[in-house]
Each structure stands twice: as C-alpha cells, then as structure tokens.
Amino acid sequence: MITLSNDQLTVSLATAGAELQHIIRKDNGLEYLWSGDPAVWGKKSPVLFPIVGGLKNNTYTYNGNSYTLGRHGFARESEFEVLTQSTEEVTFRLTDNEATRAVYPFRFDFRVRYSLVGDTLKVTYHVHNTDSKELLFSVGGHPAFKVPLVDGTDYEDYFLTFNKTETAGRYPLSPGGQIELQPVPLLDHTQQLPLKKSLFLEDALVFKSLASDAISINSGKTPHGLTVTFSGFPFMGIWAAKNADFVCIEPWCGIADNVAATGELAEKEGINQLAPGASFERTWTATFF
C-alpha cells in the first residue's frame, strides 16, 4: 500500500491495478471512497485500459486477427511498478509484456500519476506509443464514491450537480453490454440528477458529449461532498451496483462497443489513435469538501 498525504488529504493506493484504496479528508475524518465490499462490488477505482466497457462477444479484430479482451481491459488486473514516489505524488507504470501482447498486439508505456494539491486529487493518464505502428487504445477512470457520505443521511438525500445546464439522454446498454444506438431521455434542461438506487437497475447511465466538464455529489442535509472535473474526456459513465451504497463518476476517453460495431478495432467508436513515438495525456480531478 502506498500513502500520499498533505495538509488536507490522505490517499492510499495499491500497486495492483494502480487502484485507489482510500481517500480521507483530515479535518472531518470522512472516507470518500467506496469500501470495496466483495459481496457487492469488490473494486474501488479501477483503471480502464486499453479499452473502456465491453467488446461485442469480448472480441475485436486487428490486422485480420481476432483477439479476446475482457470488459474494461487488463490494466485493472495488472501489477504496476512504482516509477516515482514522493509524499504528495506517485506515478505507476505498466508496459507491454508477453501476456498483454497475446490479447493486445501493441507495445506501450502506460502511466498513471496521482498527486495531491490542497483538497484536490489529480489523476493523470499518460500513454506513450513505444511501437513502430499506430497505437489504438481507450482509457478511463471508474472511481466509486461513498454514498451516503455522512452518518445519519440516506442515499436518496444526495444528488448529482452538473456545472452546466444539461439536456441529454442516456445511452442504454443491451443485455450483452453494448451501447444502444439511440439515447433515452433523462436530463431535461437541468443541472441536477437526484440519486436513487433504481437509476442503476438497468446498468450504467452513459452520456456522450455532455455540456458539463464537472459533476458534484451534493446533499441538502450535509455540506460535505465532492466535485469531479473531467475536461478532455468525451464520454461519461455514472454507475452503481444494484442497491449499493456508492456512485461511480467515470471520465472516459473511449466507450463500449455499440450494438452495430463491426469488431474492427480501428473502427471502434471513441478509439484513440497514437502515432509511433507520440504521447497522449488526460487528467481528471476530484475535490473533496
């Protein structure tokens, strides 16, 4: 376990999956991250790479060959090395190996950097193409935040606040986990989405091209909450396991296959293309109050 600390936050992380384990604000003692109860959902904040979401039949095609890759890719199940570490920052690294190349035929250097700045945690994904060919990938976050956050409050006491007025539908997922082609109305000229566990009975709320680049978890019954900013991430997933005491706010550069996907990796919606020797970087932040 690796611990980062400054005057306001203590954050713990594991090298397994480069995954957040705890986020605690020192002045109020609150834990902001989901507990990871394996009876409900055993993850806390998986890193999604080299795909986001599921592939149709868990397979894709590249250069005429077919490959099998599970939901959200292999990074969340991989052991990362600690590249650099200080009191307030750590960088994890995952590079290709024989096992990754068997399911994902690319060479890469993938880094996840966590840093503390006051009451804010910054999470940066850095992808470098070490191959001689174009790198095709997706990357994203999946942090699960504890709701209810404060004792004496209930799940339904909380709501999501978008930083811009939204009129946006959610894209449903098919029984096989693929994105349907047409959205279902959800947000109608509003900045708020009340949290209720029934929201997630049909899986995640998937959004494309929200006007907002920040979403907060708030409550009228406590001043405490958090704000996730995600400029540069074109897709957003909001999810909780059925009847679970958390909500995931998931900034994505990539998205699950849709129901009409051809299976060709280069044709995949939201796929990022990176030239040999080039790098890609995106940062999301979470501010805790």
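Scroll up to find the structure this text is about.
Residues numbered from 1 in each chain as written. Predicted model: local features only at pLDDT ≥ 70, side-chain atom pairs only at ≥ 80, totals over all residues. Heavy atoms only, no water.

Caption draft 1: Inspection of the sheet that holds strand S10 (residues 120-129) at higher detail. Ordered in space as S7-S8-S9-S10-S22-S18-S17-S14-S15, the nine strands form an open sheet in which the pairing is antiparallel. The open sheet has two free edges, formed respectively by strand S7 (81-85) and strand S15 (184-194), since each of these has just one partner strand. Sheet twist, expressed as the average angle between the axes of neighbouring strands with direction ignored, equals 20°. Alignment of strand S8 (residues 89-95) against strand S9 (residues 108-117), held across seven bridges, turns out to be antiparallel. (Pairing = 2+ DSSP bridges. Helix = DSSP H or I, 4+ residues; strand = E, 2+ residues; numbered from the N terminus. Axes fitted to C-alpha atoms, helices over the stretch in contact; angles between N-to-C directions.)

Caption draft 2: Representation of unusual backbone geometry. In the segment running from Phe-49 into Pro-50, the intervening peptide bond is cis, with an omega of 5°. Its place among the elements puts Pro-50 in the loop between strand S4 (47-48) and strand S5 (59-62). Of note, the bond from Val-147 into Pro-148 is cis; its omega dihedral lies within 30 degrees of zero at 5°. When you line up the elements, Pro-148 lands in the loop between strand S13 (144-146) and strand S14 (158-170). Phi at Ser-209 is positive, roughly 55°, even though this residue is not glycine.

Caption draft 3: Geometry of the environment of Tyr-114. Mapped onto the elements of the fold, Tyr-114 is located in strand S9. Counting along the chain gives 96 residues from Tyr-114 to Ala-18, while the straight-line C-alpha distance between them is 9.5 Å. Side-chain polar atoms of Tyr-114 contact the backbone oxygen of Ala-18, separated by 2.5 Å. (Polar contact = N/O pair within 3.5 Å; in protein donor to acceptor, adjacent residues only side chain to side chain.)

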